Each structure stands twice: as structure tokens, then as C-alpha cells.
Amino acid sequence: MAMAEKFDSLEEHLEKFVENIRQLGIIVSDFQPSSQTGLNQKLNFMVTGLQDIDKCRQQLHDISVPLEVFEYIDQGRNPQLYTKECLERALAKNEQVKGKIDTMKKFKSLLIQELTKVFPEDMAKYKAIRGEDPPP
């Protein structure tokens, strides 16, 4: 079974379960002794629905969802925003790290220039060891 089919199956079972719970709530909110059979039937459907969902869980055991996604859902936010915001944070961090790398490269270049002025023989040896051509 393909991964998409597994998710579709889980989604279908969850939708049926939620609908059954909704109908159960209607029966309970306006309970009449004559609706006892319907209530029992809905409770049995609820148990069966939970068993079906559990079977789907076994098929999706290797899927992990970050806890932050559940926090988004609990806050009433779209869980797809989590992915978007993660990418935005990663891009911002990438730019920050790139800036630090560029700064360190400039610092290294300036340091080598200044050290070459002060210690020309030592820096020539250093550059020879590093495989860099000494400046003319």
C-alpha cells in the first residue's frame, strides 16, 4: 500500500469517526428512552471506529510528527504554517551563518596580509605548507 493510500485510509476512518461522534452528541443531547437502541449502535460504531483507527496507526508507525505541529493545531492554526515558518527560519539562519562565514573569510585574509607584513619568512613557510602561492 502506497504512503498516500495509507494516509487516505486514515483520513477516511477519522472522518467517519468524527461524524459518528457528532451524531452521538445529537442523540445524547436530546436523549429519549426510545433512542437507546440508536445510542447503543452509535457507541458500538465508535468502538469499531477506534479499532479501525488503531489498525491505521500500525501502518503508519514509522511516521513522526513534530510536537510543534500539534501545538499549532491546538492554537487553531494551520499546521502547514509550521512547515512554512520552519523554512523561513532555516533560510534566515542560513543567511546569518553565510554572513558569519564571509566575515571570517575577510578576517582571515586581512590577518594573513598583516602577518605577512610583520613576519614575512614565517608566513612564506605557512603558505608553502598550506600549498598557497606566496604573494609576489
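Per an unreviewed UniProt entry, the chain goes by Mediator of RNA polymerase II transcription subunit 10 and derives from Grus japonensis. Regarding the chain, the relevant UniProt record gives this comment under Sequence similarities (unreviewed entry): "Belongs to the Mediator complex subunit 10 family."

Turning our attention to the overall build of the chain. Looking only at helices and strands, the chain features 5 helices and 0 strands. Listed N to C, the secondary structure of the chain is α-α-α-α-α in terms of helices and strands. Seen through its principal axes, the chain has C-alpha atoms that stretch 100 × 30 × 15 Å. Taking all 136 residues of the chain together, the buried fraction comes to 14%. Carbon and sulfur atoms form 60% of the exposed surface of the chain, whose accessible area is close to 11,000 Å². Separation between the mean location of the 19 positive side-chain charges and that of the 22 negative ones in the chain comes to 8 Å.

Both the distance between ring centres and the angle between the ring planes are used here to describe each pair of aromatic rings. Applying the stated rule across the entire model yields 1 aromatic pair. With 5.6 Å between their ring centres and 85 degrees between their planes, Tyr72 and Tyr82 make a pair best called edge-to-face. Of this pair, Tyr72 sits in helix α3 (residues 67–74) while Tyr82 sits in helix α4 (residues 80–118), and the two are 10 residues apart along the sequence. Taken individually, Tyr72 and Tyr82 each receive the classification buried, so the pair is uniform in this respect. When the ring centre of Tyr72 is taken as origin, the NZ or CZ atom of Arg77, which lies over that ring, is 4.1 Å away.

Among the nonpolar cores identified, the biggest contains 5 residues, and these are Leu10, Phe17, Ile53, Cys56 and Leu60. Excluding its chain neighbours within four sequence positions, the residues that come into contact with Phe17 are Met46, Gly49, Leu50 and Ile53.

Bringing the pattern of salt bridges into the picture now. Enumeration over the complete set of coordinates arrives at 7 salt bridges. Among the salt bridges present, the one from Glu12 reaches Lys16, with a minimum N-O distance of 3.3 Å. Taken together, the positions of Glu12 and Lys16, both in helix α1 (residues 3–29) and 4 residues apart, correspond to about one turn of that helix. Overall, the relative accessible area of 42% leaves Glu12 in the partly exposed class. A salt bridge links Glu85 to Arg77, with the shortest nitrogen-to-oxygen separation between them at 3.0 Å.

Glancing now at a nonpolar patch on the surface. A grouping of Met3, Phe7, Ile63, Val65, Leu67, Phe70 and Ile73 is seen on the molecular surface, where their side chains present a nonpolar patch of about 630 Å² in accessible area. Residue assignment for the nonpolar patch shows that the elements contributing at least two residues are α1 and α3. Ranked by residues supplied to the nonpolar patch, first place goes to α3 with 3 residues. Mapped onto the elements of the fold, Ile73 is located in helix α3. On the basis of relative accessible area, Ile73 is assigned to the partly exposed category, the value being 44%.

So, on to the environment of Leu91. Considering the arrangement of structural elements, one finds Leu91 in helix α4. Between the C-alpha atom of Leu91 and that of Thr37, which follows or precedes it by 54 residues, the distance is 58 Å.

What counts, and where the lines are drawn
Along each chain, residue indices are assigned from 1 in the same order as the chain's sequence is written. Only residues with pLDDT of at least 70 get local features here, since the model is predicted, and only at 80 or more are side-chain atom pairs given and counted; chain-wide, interface and lining totals rely on the full set of residues. Excluded from the side-chain calculation are hydrogens and water; included are all heavy atoms of the structure. UniProt positions are given in the numbering used here, feature names are shortened, and annotations may be inferred rather than shown by experiment. Each helix is a run of H or I in the DSSP string that is no shorter than four residues. Each strand is a run of E no shorter than two, and both are numbered from the N terminus. Between buried and exposed lies partly exposed: a residue is buried under 20% and exposed over 50% of the maximum accessible area for its type, with that area taken using a 1.4 Å probe on protein chains only. Throughout, the Shrake-Rupley method with a 1.4 Å probe supplies accessible areas, and for residues the shown protein chains are the sole cover considered. Charge counting follows a simple rule: Lys and Arg are positive, Asp and Glu are negative, and His as well as the terminal groups are ignored. For charged residues, the charge sits on one atom: NZ in Lys, CZ in Arg, CG in Asp, CD in Glu. Classification of ring pairs rests on two measures: the distance between centres of Phe, Tyr or Trp rings, Trp counted by its six-membered ring, which must be within 6.5 Å, and the angle between planes, read as stacked under 30 degrees, edge-to-face over 60 and tilted in between. A ring is scored as having a charge over it whenever the NZ atom of a lysine or the CZ atom of an arginine sits within 6 Å of its centre and within 35 degrees of its normal. Side-chain atoms within 4.5 Å are what join buried Ala, Val, Leu, Ile, Met, Phe, Trp, Tyr and Cys residues into a set we call a nonpolar core. Every residue pair with non-hydrogen atoms within 4.5 Å of one another is taken to be in contact. For this analysis, a salt bridge means a side-chain nitrogen from Lys or Arg found within 4 Å of a carboxyl oxygen belonging to Asp or Glu. Within this analysis, patches are made of residues with over 30% relative accessible area and no salt bridge. Like charges are joined at 9 Å or less; nonpolar side chains (Val, Leu, Ile, Met, Phe, Trp, Tyr) at 5 Å or less.

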